[in-house]
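# Coordinate analysis (summary)
This is what each chain is made of:
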Amino acid sequence: MAARGHVQDPNDRRLRPIYDYLDNGNNKMAIQQADKLLKKHKDLHCAKVLKAIGLQRTGKQDEAYALAQEVAALEPTDDNSLQALTILYREMHRPELVTKLYEAAVKKVPNSEEYHSHLFMAYARVGEYKKMQQAGMALYKIVPKNPYYFWSVMSLIMQSISAQDENLSKTMFLPLAERMVEKMVKEDKIEAEAEVELYYMILERLEKYKEALDVVRGKLGEKLTSELQSRENKCMAMYKKLCRWPECNALSRRLLLKNSDDWQFYITYFDSVFQLIDESWTPPPEEEHSLEGEVHYSIEQAVKFIEERITEESKSSRPLRGPYLAKLELIRRLRYRGCNDEYKLGDPEELMFQYFRKFGDKPCCFTDLKVFVDLLPSSQYTKFISQLLEVIPLSATAESEIALPADIKALQQHLCVVQLSRLLGIYHTMDKKQKLTVVRELMLRYRHGLEFGKSCLKTELQFSDYYCLLAVHLLLDLWLEGEETAVWQCLTLLEEGLSHSPSNAQFKLLLIRIYCRLGAFEPVAELYSSLDAKHIQHDTIGYLLTRYAESLGHYAAASQSCNFALRFFHSNQKDTSEYIIQAYKYGAFEKIPEFIAFRNRLNSSLHFAQVRTERMLLDLLLEANISTSLEESIKSMSLSPEEDDIPWKDLRDNRDLTVLFNWDPKDRDISEEHRKLSLEEETMWLRIRSLTLRLVSGLPTLSHTIQPKNSEKTAENGVSSKIDTIRSLLQQLEAAVDSGKKFLEQKIQYPVLGPPPTRMAGFFSNGSCQCQTSLFYLVSDIYELDTNGLEDSAEIQERIGNSFKSLVERLTDLFNKCKGDLIEVRDGTLKTHPNLLENLVFFVETLSIALWVSSYCDSVLRPFKSNLQKKKKKKKESSVAMPPVFTHFLDYITELQTLTSNVIDHIKGLEIILTALKLEELSLKDTLLLQEEKKFTKTVQGKVQSSYHHSVQEIGELLKKRLDTIKKLKI
Amino acid sequence: MTTLHAFTCDDLFHFNNVNLDPLIETYGIPFCLQYLAHWPEHFIVGYIMGKAEGSVAREEWHGHATAPSVAPECRRLGLATKFMELLEGISEKKGGFFVDLFVRVSNQVAVNMYKQLGYSVYQQYYSASSGETDEDAYDMRKALSRDTENKSIIPLPHPVRPEDIE
């Protein structure tokens, strides 16, 4: 923990036991020990701080803070206290206090290198760039070490990055940084590689590319050694910026001569050749072509160069793919320019065929060729595929009607052809019968291929796994065309695949997607956890869980998955700051802006905003007015209707939407357009959800304001602004709903394995949207009644009464949309109705909002009623008529109660039906199913059944708790 | 086709196809950033993370390869070999005596590959890699040119428990 130096300070010895207790997590003993020590040594400040750490860790934040401030006020300068306070402040998430601490310390000990450097780091942690710059210079004055000087320079760059005004950054911060470095260069004081990197970074940001190039190519550039081809890469970047195509060309040519397998240099080589052709560039007479040597500036040279690479390749010990693919790339570029056949590079079909012969047994062959299939005319697809098939050594066996591969290489080649067939759309044009034949063939090949992987460990994939995946993709096509049984076959085959290859992430991901589509979340949780996704993966693939868990009624699982993600996002902030500081220490300057950008990318993650919002809505749904009051719940979340913490303009979609493999042709694949639309849809839905949350969080702010009639004055003290907030949020919600509806009018269909659609469509179509907005309008009416009083408010009362009535009708309609069997057996196959489940979940949520609004209404009416009763007693007559709103409210509550009971009964009924569903009796009509497959089908159907059962139970239980809260509302 | 570039934070958003393999550990942000902050030149996509550590005086200054990982469909292309060559090259430049790495005992494919690349088992550890999976691991080493007598790779006779590692 804290430094325990070599010199034995008696205080160190005394403090030792407290450190040990803290290190071992024994906070109580640490506090006791500190108290003991403080009795004897009153001014052993560090003991106080250590005690504060103990207090902080046992949840006594306020005491800890007070104690820490006591010590901090003394402006300590001993190491022990300073370090302990630093630790404490960090645990309190108050890094800004550390800066204060060291500011005081350096004032008292102005020549301490150590304290100055701590001060610098403390500023770095909170991003005080200007103060960092000064602290760095102060350090350099005390101890003229280069790193300190360059910390200061880096701080200037950070000021320029964070400056809102780009002009200021380009005319002030960066030039100043440049001058500071130039000074060191002139004095010949540059020592480290990091310093050169920094110089380069400044010049690059100043767009002084020529100067940057000179640095890299000059003597200073010699220091750039540790990164791979650091100098060359930097030169290349500058040549590109400067459009110095001759140099680009010569350098990439040279690098390709060294390594003809690095794709990026082919791209630069081709780019530059064609640029030079377009510029009609010719080499200067009697001079070197360029700074980097010989330049190619004609198609003939390029063709010759690539052919030479291929000739060279044939001599190499390890086969290289680069040269062959480069040839295809060159053909593509020539075709684009309309001069395809003039250079005798050969026919792409033939070249791809040759490529397949050479590399077909490598798993990457498919992705390599995928890039170039658009060079094939579509009329040649079938011919091309059969040409490939012909050269694969398959042999017919006695047991099987199809020819099978005899070894892994042949299997790999065949797999490549199957993948290409799907890519070329050959399967897509088949009819149902043909497709089923292919599925059977692929599964036969899959099972046969398992032979080769008998010795595979559990952690290894089976060689033939892709056959199974491809068969499932075909079945998915059939399912989307309306073939109900196909989806069960998908699950069956995937479960079978997973049993042979338990580590195959693709099987798991596809199972997750399909189970969710069918409305079964239970198996998903287990599959996902076996993927062992963590850290950044919570952001990139967490959406697979969070989209479905809650909407399918698995509330506990939903909470858990939100928690995992939130823990990751919250720790990001702290972790990245720590490593920004390390980057300063180790001089990894170019990483600093990168780390900051990374932190921002995570902080503005769409998924982060979603789980934050959904988590709070979920907590309210499960707890508010059940275990704790709505008001307390909202307070503990520090929610306020005015506050919007979502960075709407900068939301980043970090979802990995291509985590599932697919081999679909371009026109069926996930496109940029899909991503864009999906982000748009997610953002709209998030806006609706976040506004709902804020509206709910506004309810308690209204309720405890019992206003006397002469409320003109109190109206100004903030209460009326609360209702204004609510009314404005409601308007925003209406606008968000409108744009959501407009969006859905486009009827966008994402690819089945692409981004999952949001819950927005269901929210609109089942009527919960209308219900929820009317509920918030009701809030506004009740508030009006509250401020106007009961007299002369007949019109408002009538309006409220009507709202009650129509709300009951709407909720009943919503309930009607939940009716029906969740799983039914039709024509011998199972059909699930996940939309009924989703509607049920929306019903519960809408009812909960209705009850929160009712309890606001209750809080308004109750005092009126007791006032009236008092009057009644005083006057001792029965002529004081009860205003109609009381009856309306009572009726409303009674009807809500009846409705909820009905829904609970309905759910009970569903449970009985689900339990009674005898899947064993399902005649698995498809006689083509193997015995083995039948076994998996049963497992799959059992899992779905059990999951629905689970959903219905969780929903039912929550609803029962809600029913209990209704009883309290009867006034 | 493949291309090599130094690892950047943004790559973390795109390595699912590599990291959903059960033998590949997904490291936390702190872990990755620490490598990037300290040894940025050792961090390569595909990917390999490396670092330089140890005492020069005791001839223990060396390169350490962490998590050389390749996506399933890009395996058997010699990418790992390339990664290791890179790290060896950088470690040579930095004057290291040897390069070492930890590999799970059960990962036979990898163990054999490292053997082919000239690595030999130096010692065996009980349960390595983040402690979540209780599995033994080999510490494999390869001497670099500075260690002229190959002193660094003479195997230790006894297995080592995690608590004995400094």
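Quick note: structure is the one above.
All of these numbers come straight from a predicted model, not from anything done at the bench.

## A closer look at the overall build of chain A
When helices and strands are counted, chain A shows 40 helices and four strands. Along the three orthogonal principal directions, the C-alpha set of chain A runs to about 120 × 90 × 55 Å. Sequence-distant contacts, at least 24 apart, represent 72% of the contacts inside chain A between residues at least 6 apart. Accessible area for chain A stands at about 43,100 Å²; split by element, carbon and sulfur atoms hold 50% of it. For chain A, the centre of its 129 positive side-chain charges and the centre of its 138 negative side-chain charges are spaced 5 Å apart.

## Topic: the pairing of strand S4 (residues 829-832) of chain A
Residues and elements named next belong to chain A. Bridging between strand S3 (residues 823-826) and S4 involves four bridges; their strand directions are antiparallel. Residue pairing for S4: Arg826 is matched across the bridge by Thr829. Counted between consecutive antiparallel strands, the loop separating S3 from S4 contains two residues, among which Asp827 sits at a positive phi close to 50°.

## Some thoughts on the pairing of strand S3 (residues 98-104) of chain B
Residues and elements named next belong to chain B. In terms of residue burial, S3 counts as a mostly covered element, since six of its seven residues are buried. Two elements, strand S2 (residues 62-66) and S3, share four bridges in a ladder whose sense is parallel. When the sheet's bridge partners are listed, His64 is paired in S3 with Asp100. Strand direction decides the pairing type here: S3 and strand S5 (residues 137-143), joined by seven bridges, are antiparallel. Across the sheet, residue Val99 finds its bridge partner in S5, namely Lys142.

## Some thoughts on helix H25 (residues 505-517) of chain A
Residue and element names in this part refer to chain A. Between its first and last C-alpha atoms H25 spans 18 Å; for 13 residues at 1.5 Å apiece the expected length is 18 Å, and the two agree. Of all the 13 residues making up H25, twelve are buried; the element is thus mostly covered by neighbouring parts of the structure. Looking at H25, one finds that the buried residues are Ala505, Gln506, Phe507, Lys508, Leu509, Leu510, Leu511, Ile512, Arg513, Ile514, Tyr515 and Cys516. Residues of H25 that are buried in the fold lie against helix H23 (465-480), helix H24 (484-500), helix H26 (522-530), helix H28 (543-546) and helix H40 (931-967). In this structure Asn504 caps H25, since a side-chain oxygen of it lies 2.8 Å from the backbone nitrogen of Gln506.

## Some remarks on empty space enclosed by the protein
All names here are of chain A. Inspection of the entire model under this criterion finds seven cavities of 30 Å³ or more. In this structure, the largest cavity occupies an estimated 310 Å³ of space. Every residue lining the largest cavity is counted, 21 residues in all, and those nearest its centre are Thr546, Arg547, Gln610, Glu614 and Glu682. Counting residues per element, the ones that place at least two in the lining of the largest cavity are H28, helix H29 (555-586), helix H31 (606-623) and helix H33 (672-703).

## Some points on the packing of helix H10 (residues 166-186) of chain A against helix H11 (residues 193-205) of chain A
Residues and elements named next belong to chain A. The interhelical angle for the contact between H10 and H11, taken along N-to-C directions, is 145°, at an axis separation of 10 Å. Every pair of crossing elements has a handedness; the one defined by H10 and H11 is left-handed. On H11, the residues touching Lys170, Leu174, Ala177, Glu178, Val181, Glu182 and Val185 of H10 are Tyr199, Ile202, Leu203 and Arg205. Of the residues in the contact of H10 with H11, the class split is seven nonpolar, no polar and four charged.

## What about the packing of aromatic side chains?
Residues and elements named next belong to chain A. Per the stated rule, a full pass over the model turns up 25 aromatic pairs over all chains. Residues Phe661 and Trp663 carry aromatic rings whose centres are separated by 6.4 Å and whose planes lie at 75° to one another, so their mutual orientation is edge-to-face. Ring centres of Phe763 and Phe764 lie 5.9 Å apart, and the angle between their planes is 45°; this geometry places the pair in the tilted category. We note that Phe763, like Phe764, is buried. Directly above the aromatic system of Tyr200 lies the positively charged group of Lys234, at a separation of 5.4 Å from the ring centroid. A cation over a ring is seen here: Arg655 above Tyr543, with NZ or CZ 5.7 Å from the ring centre.

Parameters and conventions
Every chain begins its residue count from 1, and numbering advances along the sequence as written. In the order they appear in the text, chains get letters beginning with A and ligands get numbers beginning with 1. Reporting in this predicted model follows two pLDDT cut-offs: at least 70 for local features of residues, and 80 or more for side-chain atom pairs to be given and counted; totals over whole chains, interfaces and linings ignore these cut-offs and use all residues. Here the side-chain values reflect all heavy atoms present in the structure, with hydrogen atoms and water set aside. Under the DSSP-based scheme used, a helix requires at least four consecutive residues in state H or I and a strand at least two consecutive residues in state E, with every element numbered from the N terminus. Contacts are assigned to residue pairs that have any heavy atoms within 4.5 Å of one another. For the accessible areas, the method is Shrake-Rupley and the probe is 1.4 Å, while residue cover comes only from the protein chains on display. For the purpose of counting charges, residues Lys and Arg are taken to be positive, whereas Asp and Glu are taken to be negative. His and the chain ends are not included. For charged residues, the charge sits on one atom: NZ in Lys, CZ in Arg, CG in Asp, CD in Glu. Pairing between strands requires that DSSP locate at least two bridges from one strand to the other. When accessible area is computed with a 1.4 Å probe and restricted to protein chains, residues below 20% of their type maximum are described as buried, those above 50% as exposed, and intermediate ones as partly exposed. In this scheme, a helix's expected span is set at 1.5 Å multiplied by one less than its residue total. A 3.5 Å cut-off defines polar contacts: any pair of N or O atoms within that distance qualifies, except that in protein one atom must be a possible hydrogen donor and the other a possible acceptor, and neighbouring residues in sequence count only when both atoms are side-chain atoms. A cavity, in this analysis, means grid points on a 1 Å lattice covering only the protein atoms where a 1.4 Å probe fits yet has no way out; a pocket is instead an open set bounded by protein on both sides within 12 Å along at least five of seven lines, and a residue lines either one if it has an atom within 4 Å of a point. Grid points are joined across faces, edges and corners, and a volume is the space filled by probe spheres set on the points. Axis definition: a line fit to C-alpha positions, over the contact stretch in the case of helices; interaxial angles, taken between N-to-C directions, run 0 to 180 degrees. Should the near helix be turned counterclockwise from the far one by less than a right angle, the crossing is left-handed, whereas a clockwise turn marks it as right-handed. Put simply, Ala, Val, Leu, Ile, Met, Phe, Trp, Tyr, Cys and Pro go in the nonpolar bin, Asp, Glu, Lys and Arg in the charged bin, and everything else, Gly too, in the polar bin. Working definition: rings of Phe, Tyr and Trp (its six-membered ring) pair if their centres are within 6.5 Å, and the pair is stacked with planes under 30 degrees apart, edge-to-face with planes over 60 apart, and tilted otherwise. Lysine and arginine charges are scored as sitting over a ring when NZ or CZ, respectively, is within 6 Å of the ring centre and within 35 degrees of the ring normal.

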